[in-house]
Amino acid sequence: MEKFERLEAVAAPLAMLNVDTDQITPARFLWRPRRDGYARILFHDLRFNDDGSEKPEFVLNRPEYRQARILVAGRNFGCGSSREHAVWALHDYGFRAVIAPSFGDIFFNNSFKHGLLPVVLPEARVGTILDALQRSPGARMSVDLEAQRVVGPDGVTDTFAIDPFRKRLLLEGLDDVGFTLSCQDEIAAFERAYEREFPWI
Amino acid sequence: MSPNETSRPRTLFEKIWFRHAIRTREDGATLLSIDRHLIHDGSRAAFQFLAERGLPLRRPDRTFGTPDHYVPTASRDLSRAEPHRREMVEDLQKNARAAGVTLFDLGDARQGIVHVVGPEQGISQPGMVIVCGDSHTATHGALGALAFGIGASEVSHVMATQTLWQAKPKTMRISIEGRLGKGVTAKDVILAIIAKIGAAGGTGHVIEYAGSAIRSLGIEGRLTICNMSIEAGARAGMVAPDDTTIEYLAGRPYAPKGANWDKAVAYWRSLPSDEGAVFDREVVLDAAEIAPMVTWGTSPEDAAPITGRVPDPAAAPSAERREGMERALAYMGLTPGMPLSEVAVDRVFIGSCTNSRIADLRAAAKIVAGRRAVVPAMVVPGSGLVKAQAEAEGLDRIFRDAGFEWRDAGCSMCVGMNGDLVAAGERCASTSNRNFVGRQGKGARTHLLSPIMAAAAAVTGRFTDVRRLMGDA
Ligand code: SF4
């Protein structure tokens, strides 16, 4: 699993509410194997015309945002389908952090598995950041996971909350399967007692 | 847990949560034991993760699969499907066989949409923790289970360990009190709920649906409501088990039998939330105020009564919302102020894990009987058994005589992964759960509604208040 410690990069503003995972990765591409890469799939129908040419008005197609590694978006980012492909696509394109007032729960959980940090900031603050990014295209932001701090394009620092277990896994690039397998005996003991109590399960 | 913790009144959710907690870390993460893991033809990546790590699937006896997303519905002939789709289904067959997982495969009458099959087979039961690599897993909560969707990495974690690390969600109770009016179905209730609390209204929460209107619904209606919990942003939705639940489960193939049945029923009766149990949030809706609903935008929260009009972005509460509405209306090809009942549709889809069960098909057939579809329309039953039951009752004849296509079971046009797509610019009245941009095909315009509202749209060619087509009964 990929680590996340800190990041200082161009931030791209995507001022849209309820960006669902169907938009991040349309269903017709999901059969593709992971190893083929998903960078080109990211926001496919927002990014490309039918003939495959870029839509110049879409934020990621503007020259200032070509190097963006932080995405700032509106409420409920990543809602909808559980497809982990949405995280693969953001990751493969180069994003390592997404900042929004709220996230779809499954997307949020999936992000950690691929070194993509989802950061929740208050809605008003995200609004201010989006405005600032739109006023100065190509502005940079920084995200520090250890300190749980985000510095905006306006130089203002915010702190964010994160579940300590997830934080540790992400900082160390650890996979939780390995950790859980170390609890095998406890799981087996639980299952024995459970199956005595609920023999029909 | 302190003695205080055990004696205070608990919610249905808390009872299930604590019974499945193997251990809780100081930092709050809980390792939950998983009773049922459902898999489908989108589970390939998870099997690959497992293979890469060289790990076996720990509990094949608690894992059940069926292909649904990629299966053809015009026939059962997989050899005619495009190679990449055929491969998804074949990989499930191979992986399930190698792991020893029970598979309701294509050609088996029990095959169908995973969220239809689980309850139908009695695999999903009260008090269980059920997961599946699909966001509509909340559906199974209708039986009084804690059921939620997970991503591919979590699926592989469950395959390897039969557990999952979870932070404890918050709880919300949504009570619908009173009687639902004529023509108002479970689908209208959940669309009204999402319109009220918003597509992110339930984020971080597990919703318990309660109140007299929920109690009066059959299991199928409850499944419809729980199904769309994710569309309100919630992790899971659930309904306390009661007589309706127990009657529904009795005799189902995977339901407990004999002495175990009695034991199970006694346990299930202990599950409903205790009197005085506290929820983090409470919402109450009046059943009598809910009308047949239809969505006008590109988020399930964009729902309005059929008697209403396409809203005006100028009246939006914020600039962000206004821009979002303008974008949605441009995509949907609608003008503010237009009565919804004047919007013409190009196509009708009755199906999906929200509304493809026998009760849905019976209700829709009643509206269709003696009428003709004036636009292309199709019915895709949720499982082979639903299809067989409908045929035994002659519902297929009613639909076919009216000009509907009568298909085999699968997800079909809900997401179009199998090639059942809505063309760009086409307006589809759909009983599914998502009206996202491009959900049913690139450029497709999806409107969500109930099966009887979809039937009414099919026979009139526009959104029609189904109450006008119903008798007085
Ligand atoms: S019917 Fe639609 S929503 Fe349900 S599982 Fe299939 S694709 Fe997903």
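Residues numbered from 1 in each chain as written. Chains lettered and ligands numbered in written order. Predicted model: local features only at pLDDT ≥ 70, side-chain atom pairs only at ≥ 80, totals over all residues. Heavy atoms only, no water.

Visitor: Looking at this structure, I do not really get the overall build of chain B. What am I missing?
Guide: Within chain B, the regular secondary structure consists of 16 helices and 19 strands. Against the 2.2 N^0.38 benchmark of 23 Å for 473 residues, chain B shows a C-alpha radius of gyration of 22 Å, consistent with a compact globule. In terms of its C-alpha atoms, chain B occupies a principal-axis envelope of roughly 60 × 55 × 45 Å. The buried share of chain B, taken over its 473 residues, is 65%. Taking as baseline every contact in chain B between residues at least 6 positions apart, the subset at least 24 positions apart corresponds to 75%. When the accessible surface of chain B is summed, it comes to about 15,600 Å², and 50% of that surface belongs to carbon and sulfur atoms. Seen as two clouds, the 56 positive and the 53 negative side-chain charges of chain B have centres 1 Å apart. (Helix = DSSP H or I, 4+ residues; strand = E, 2+ residues; numbered from the N terminus. Rg over C-alpha atoms; globule rule 2.2 N^0.38 Å. Buried < 20%, exposed > 50% of the residue type's maximum accessible area, 1.4 Å probe, protein only. Contact = heavy atoms within 4.5 Å. Areas by Shrake-Rupley, 256 points an atom, 1.4 Å probe, with all protein chains shown as cover. Lys, Arg positive; Asp, Glu negative; His and termini not counted. Charge placed at Lys NZ, Arg CZ, Asp CG, Glu CD.)

Visitor: Sorry, what's going on with the overall build of chain A here?
Guide: Regarding its fold elements, chain A presents eight helices and seven strands. Dimensions of chain A, computed from the C-alpha atoms along their principal axes, are close to 65 × 40 × 25 Å. When burial is assessed residue by residue, chain A has 60% of its 201 residues classed as buried. In chain A, of all internal contacts separated by at least 6 residues, the share reaching a separation of at least 24 is 65%. Total accessible area on chain A stands at roughly 7,900 Å², and carbon and sulfur atoms take up 49% of it.

Visitor: Just to check I follow, could you spell out the environment of B:Arg372 for this structure?
Guide: All names here are of chain B. Locating Arg372 in the fold gives a position in the loop between helix H13 (358–368) and strand E16 (377–379). Through-space distance from the C-alpha of Arg372 to that of Phe399 is 8.8 Å; in sequence the pair is 27 residues apart. Look past the residues within four positions of Arg372 in its chain and what remains in contact with it is Asp401, Ala402, Gly403, Ala458 and Val459. Looking at Arg372, its side chain comes within polar contact range of the main-chain oxygen of Asp401, at 2.8 Å. (Polar contact = N/O pair within 3.5 Å; in protein donor to acceptor, adjacent residues only side chain to side chain.)

Visitor: What is the right way to read the domain arrangement of chain B from this model?
Guide: It is common to give the size of an interface as the accessible area lost on bringing the parts into contact. Residue and element names in this part refer to chain B. As far as domains go, chain B holds domain 1 (3–282) and domain 2 (308–469). Using only C-alpha atoms to locate each centre, domain 1 and domain 2 end up separated by 25 Å. Listed by partner, the interface residues are 36 residues for domain 1 and 39 residues for domain 2. Where domain 1 abuts domain 2, roughly 2,900 Å² becomes buried across the two surfaces, and 56% of that area is made up of carbon and sulfur atoms. For the domain 1 face of the interface with domain 2, the top three residues by lost area are Thr73, Ile113 and Lys187, together amounting to 22%. Seen at the junction of domain 1 and domain 2, the total is two salt bridges. Between Glu231 and Arg434 there is a salt bridge, and its shortest N-O distance comes to 2.7 Å. Sorting the residues of the side of domain 1 that touches domain 2 by element identifies helix H5 (114–121), helix H7 (186–197) and helix H9 (219–227) as the ones contributing at least two each. (Domains from an automatic or database assignment. Buried area = accessible area lost by both parts, 1.4 Å probe. Salt bridge = Lys/Arg side-chain N within 4 Å of Asp/Glu carboxyl O.)

Visitor: Would you explain the pairing of strand E3 (residues 97–100) of chain A in this entry?
Guide: Working note: regular strand, side chains alternate between the two faces of the sheet. Residue and element names in this part refer to chain A. Of the two faces of E3, both are covered, the one formed by Ala97 and Ile99 as well as the one formed by Val98 and Ala100. Across three bridges, the pairing between strand E2 (residues 70–73) and E3 is parallel. The residue bridging Val72 from the neighbouring strand is Ile99, located in E3. Considered for its hand, the β-α-β crossover made up of E2, helix H3 (residues 85–93) and E3 is right-handed. Direction of pairing for E3 relative to strand E4 (residues 117–120): parallel, over a ladder of four bridges. Within the sheet, the bridge partner assigned to Ala97 lies in E4 and is Leu117. Traced from E3 through helix H4 (residues 105–112) to E4, the parallel crossover comes out right-handed. (Pairing = 2+ DSSP bridges. Right-handed = clockwise from strand over helix to strand, strands pointing away.)

Visitor: Which parts of the structure should I look at to understand the packing of H7(B) against H9(B)?
Guide: Between two packed helices, the angle of one axis relative to the other and the distance separating the axes together describe the packing. Residue and element names in this part refer to chain B. Relative orientation of the contacting elements H7 and H9 amounts to 25 degrees, with a least axis distance of 8 Å. Taken as axis vectors, H7 and H9 run roughly parallel relative to one another. The two elements H7 and H9 meet at a crossing, and its hand is right-handed. Contacts between H7 and H9 involve Ala186, Lys187, Val189 and Ile190 from the first element and Gly221, Thr224 and Ile225 from the second. Partitioned by chemical class, the residues of the contact of H7 with H9 number four nonpolar, two polar and one charged. (Axes fitted to C-alpha atoms, helices over the stretch in contact; angles between N-to-C directions. Parallel < 35°, antiparallel > 145°, perpendicular 65-115°, else oblique. Left-handed = near helix turned anticlockwise from the far one by under 90°. Nonpolar A, V, L, I, M, F, W, Y, C, P; charged D, E, K, R; others polar.)

Visitor: Looking at this model, I keep getting lost on the sheet that holds E4(A). Mind explaining?
Guide: What links the strands of a sheet is backbone hydrogen bonding, and the strands pair in either a parallel or an antiparallel sense. Residue and element names in this part refer to chain A. With mixed pairing, seven strands are arranged side by side in an open sheet as E4-E3-E2-E1-E5-E6-E7. Strand pairing shows two members of the sheet lacking a second neighbour, E4 and strand E7 (157–159), which therefore form its edges. Across the sheet, the axes of successive neighbouring strands diverge by a mean angle of 25 degrees, strand direction being ignored. In this sheet, strand E6 (residues 149–151) lies alongside strand E5 (residues 140–144) in antiparallel orientation, the contact comprising three bridges. The partner of Ser142 across the bridge, within E6, is Val151.

Visitor: In this structure, what is going on with the site of the ligand? I would like to understand it.
Guide: All names here are of chain B. Around the ligand, the neighbouring residues are His69, His115, Asp134, His136, Ser352, Cys353, Cys411, Cys414, Val415, Asn433 and Arg439. Tallied by class, residues from the shell around the ligand come to four nonpolar, five polar and two charged. In this structure, the shell around the ligand is formed jointly by two domains, domain 1 (3–282) and domain 2 (308–469), each of which donates at least three residues. (Near = heavy atom within 4 Å.)

Visitor: What is the right way to read the side chain of B:His40 from this model?
Guide: All names here are of chain B. In this fold, His40 is placed in the loop between strand E3 (36–39) and helix H3 (44–53). At 2.9 Å, the side chain of His40 forms a polar contact with the backbone nitrogen of Gly42. Within polar-contact distance, the side chain of His40 engages the side chain of His69 at 3.5 Å. Discounting chain neighbours no more than four positions away, the residues touching His40 are Thr66, Asp68, His69, Leu92, Val114, Cys132, Gly133 and Asp134.

Visitor: Hey, could you run me through H5(B) in this one?
Guide: The periodicity of an α-helix, 3.6 residues per turn, causes residues three or four positions apart to be oriented the same way. Residues and elements named next belong to chain B. Extensive coverage of H5 is indicated by the burial of eight of its eight residues. Considered for burial, the residues of H5 that qualify are Val114, His115, Val116, Val117, Gly118, Pro119, Glu120 and Gln121. Packing partners of the buried residues in H5 comprise E3, strand E6 (129–132), H9, helix H10 (243–249) and helix H14 (384–392). Among the residues trailing H5, Gly122 stands out with phi positive, at a value near 75 degrees.

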